[in-house]
Amino acid sequence: MRLQALLGIDIPVIQASMVWLNSAELAAAVSNAGGLGVLGPNAGRKVANGDIAKTAEDFRQEIIKTRALTDKPFAVNYLLPIEGVEISFKYAEPLLEVILQENINIVITSGKDITKGEKYIRRLKDAGVIVIHREISPTVENSILAEKMGIDAIIITGHEAGGHLSEHRISTLALLPQVTDAVKIPVIAAGGIYNQKTAKAATAMGAAGVYVGTRFITTFESPASLNTKQAIVNVLSEDLVEINTPAGDVRVIVTESIRAGRGSSEIGIIKTGMLDGDHQHGVITVSESAGGIEKISSAKDVVCELSYAFN
Ligand SMILES: Cc1cc2nc3c(=O)[nH]c(=O)nc-3n(C[C@H](O)[C@H](O)[C@H](O)COP(=O)(O)O)c2cc1C
């Protein structure tokens, strides 16, 4: 119950941040069902504009829209700037300002090295924000470090996860129990969790909550295109492949773009493939567990199904 009390929610099911694939509608539906909805990068947007001020303003509008749709807590994802990726530093300040001006009280930071993001985390903590951290390549060592830095809860992502993969090939099953033994703060499990059984396995390994991405893509409220949702429902786990992209490795469904060798060279491949539904040029990145997802459901039904793992 510690995580529910910390976040002010009834069910410790958190909808994962997914670039382009989150929206006020999805976040509010999850929060209204008793879980925690999250606004990720470019939430609610349909076009890339490359304009930093406009991106920050759009982010503010999506927060305002979410508040109009729910009076329950929700969170936003803040990407800590990544060394060597100049553009990430340009967005860092304007987006942090929106978070602080809008009095967001739960932030999920994600990044490649928590120590490099310390000054941003400190500003959030000083403003009284609850900070949950997701290291892209989590280990026992960087989890202990996060706890020492005053992070309120951590998300541990196994190699089963959709999106950019950890540089370590460690499964949720192997990593999660090591981390729950090593830290005292609540640990939230991510990677491969899509139904009651997988959520129950996470709680058996000491997780205080679950962070679920792929399953929420196949909800009615998700902004993903219908052909993307159907491709996820149809795919078998053994048919997934891993490709290398400029931002790291991702596991994808084999679509026309992958067969043609185009997927990894496209800019904005996730938006193209999953939001626009252009499977000739973009990619569909999913969890290893995607083979188990059998239908498109409402976000409320997903939260409800997973909630039984916490009884
Ligand atoms: C399409 C897609 C986009 C993602 N984008 C982000 C992101 O912008 N920021 C982030 O921290 N994680 C991102 N992730 C990772 C998710 O937040 C989460 O860790 C992962 O989906 C959990 O694993 P699951 O898909 O097996 O549920 C993304 C995942 C997917 C599938």
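Keep in mind the model is a prediction, meaning the values are calculated, not measured.

Here's the deal with the packing of helix 2 (residues 24-32) against helix 3 (residues 52-69)
Between helix 2 and helix 3, the shortest axis-to-axis distance is 9 Å and the interhelical angle comes to 35°. Here helix 2 runs over helix 3; the crossing is right-handed. In this structure, helix 2 contributes Ala24, Glu25, Ala27, Ala28 and Asn32 to the contact, and helix 3 contributes Glu62, Lys65, Thr66 and Leu69.

Observations concerning the site of the ligand
Close to the ligand lie 23 residues, the nearest being Ser17, Arg134, Gly192, Gly213 and Thr214. Take Ser110: an N or O atom from its side chain is 2.9 Å from an oxygen atom of the ligand. Measuring from an oxygen atom of the ligand, one finds a backbone N or O atom of Gly192 at 2.7 Å. For the ligand, the protein covers 96% of the area, taking 600 Å² as the surface of the free molecule. Residue assignment for the shell around the ligand shows that the elements contributing at least two residues are strand 3 (74-79) and strand 8 (209-212). Residues of the shell around the ligand, tallied by class, amount to 10 nonpolar, 12 polar and 1 charged. Both domains that furnish three or more residues to the shell around the ligand are identified here as domain 1 (2-222 + 294-310) and domain 2 (226-290).

Section: the domain arrangement of the chain
Structurally, the chain comprises domain 1 (2-222 + 294-310) and domain 2 (226-290). A separation of 22 Å is found between the C-alpha centroids of domain 1 and domain 2. The interface of domain 1 with domain 2 comprises 27 residues on the first partner and 22 residues on the second. Regarding the contact of domain 1 and domain 2, the summed buried area is about 2000 Å², with carbon and sulfur atoms giving 64% of it.

Side note on the nonpolar core
The biggest cluster of nonpolar side chains holds 54 residues, and the ones touching the most others in it are Val76, Tyr78, Ile154 and Phe216. Broken down by element, this core gets its largest block of residues, 6 residues, from helix 4 (residues 86-101). With sequence-adjacent residues up to four places away left out, Ile154 is seen in contact with His133, Ser143, Ala146, Val179, Val183, Ile185, Pro186, Val187 and Ile188. Core analysis: the next-biggest nonpolar cluster, separate from the first, contains 24 residues, Met18, Tyr194, Ile243 and Ile270 among them.

Looking at the sheet that holds strand 1 (residues 13-15)
What the 8 strands build is an open sheet, ordered 1-8-7-6-5-4-3-2; its pairing is parallel. Of all the strands in the sheet, the pair left with one neighbour each is strand 1 and strand 2 (37-39). Put simply, the sheet's adjacent strands are angled 25° from each other on average, direction ignored. Alignment of strand 7 (residues 187-190) against strand 8, held across 3 bridges, turns out to be parallel. Within strand 8, the residue paired with Ile188 across the bridge is Gly209. Strands strand 3, strand 4 (106-111) and strand 5 (130-135) of the sheet are contacted by helix 5 (residues 118-126), whose axis makes an angle of about 175° with strand 4.

Notes on the pattern of salt bridges
Scanning the model with the defined rule gives 15 salt bridges in all. Glu25 serves as the salt-bridge partner of Lys65, at 3.1 Å between the closest nitrogen and oxygen. Taken together, the residues Lys65 in helix 3 and Glu25 in helix 2 connect sequence positions 40 residues apart. According to the relative accessible area criterion, Lys65 is partly exposed, its value standing at 37%. With a closest N to O distance of 3.2 Å, Lys116 and Asp113 form a salt bridge. For Lys116, a relative accessible area of 43% corresponds to the partly exposed category. Connected through salt bridges with shared partners, the residues Glu57, Arg60, Arg67 and Glu102 form a single ionic network.

Calculation rules
Numbers given to residues run from 1 along each chain, matching the order in which its sequence is written. The predicted nature of this model means local features are confined to residues of pLDDT at least 70 and side-chain atom pairs, given and counted, to a pLDDT of 80 or more, with totals for whole chains, interfaces and linings taken over all residues. As a rule here, side-chain values cover all heavy atoms of the structure and leave hydrogens and water aside. Orientation is described by lines fitted to C-alpha atoms, with helices fitted over the stretch in contact, and by angles between N-to-C directions that extend from 0 to 180 degrees. Helical segments are the DSSP runs of H or I of at least four residues, strand segments are the runs of E of at least two, and each set is numbered from the N terminus. By the definition used in this description, the sense in which the near helix is turned from the far one sets the handedness, with an anticlockwise turn below a right angle giving left-handed and a clockwise turn giving right-handed. We call two residues contacting when some pair of their heavy atoms lies within 4.5 Å. Near is defined per residue: the residue qualifies when any heavy atom it owns lies within 4 Å of the molecule or strand. For the purposes of these results, a polar contact is taken to be a pair of N or O atoms within 3.5 Å, where, inside protein, one atom must be able to donate a hydrogen and its partner to accept one; residues adjacent in sequence count only when each atom of the pair is a side-chain atom. Shrake-Rupley sampling with a 1.4 Å probe provides the accessible areas, and residues are treated as covered by the protein chains on show and by no other component. Note on residue classes: Ala, Val, Leu, Ile, Met, Phe, Trp, Tyr, Cys and Pro are nonpolar, Asp, Glu, Lys and Arg are charged, and everything else, Gly too, is polar. In this entry, domain limits derive from an automatic or database-based domain assignment. Reported buried area values correspond to the accessible surface (1.4 Å probe) lost by two parts on association, with both partners' losses combined. Nine residue types can take part in a nonpolar core, namely buried Ala, Val, Leu, Ile, Met, Phe, Trp, Tyr and Cys, and a core is a set of them joined through side-chain atoms within 4.5 Å. Each residue's exposure class comes from its accessible area (1.4 Å probe, protein chains only) as a fraction of the maximum for that residue type: buried when under 20%, exposed when over 50%, partly exposed otherwise. Pairing between strands is defined by DSSP: at least two bridges between the two strands are required. Just to be clear on terms, a salt bridge is a Lys or Arg side-chain nitrogen sitting within 4 Å of an Asp or Glu carboxyl oxygen.

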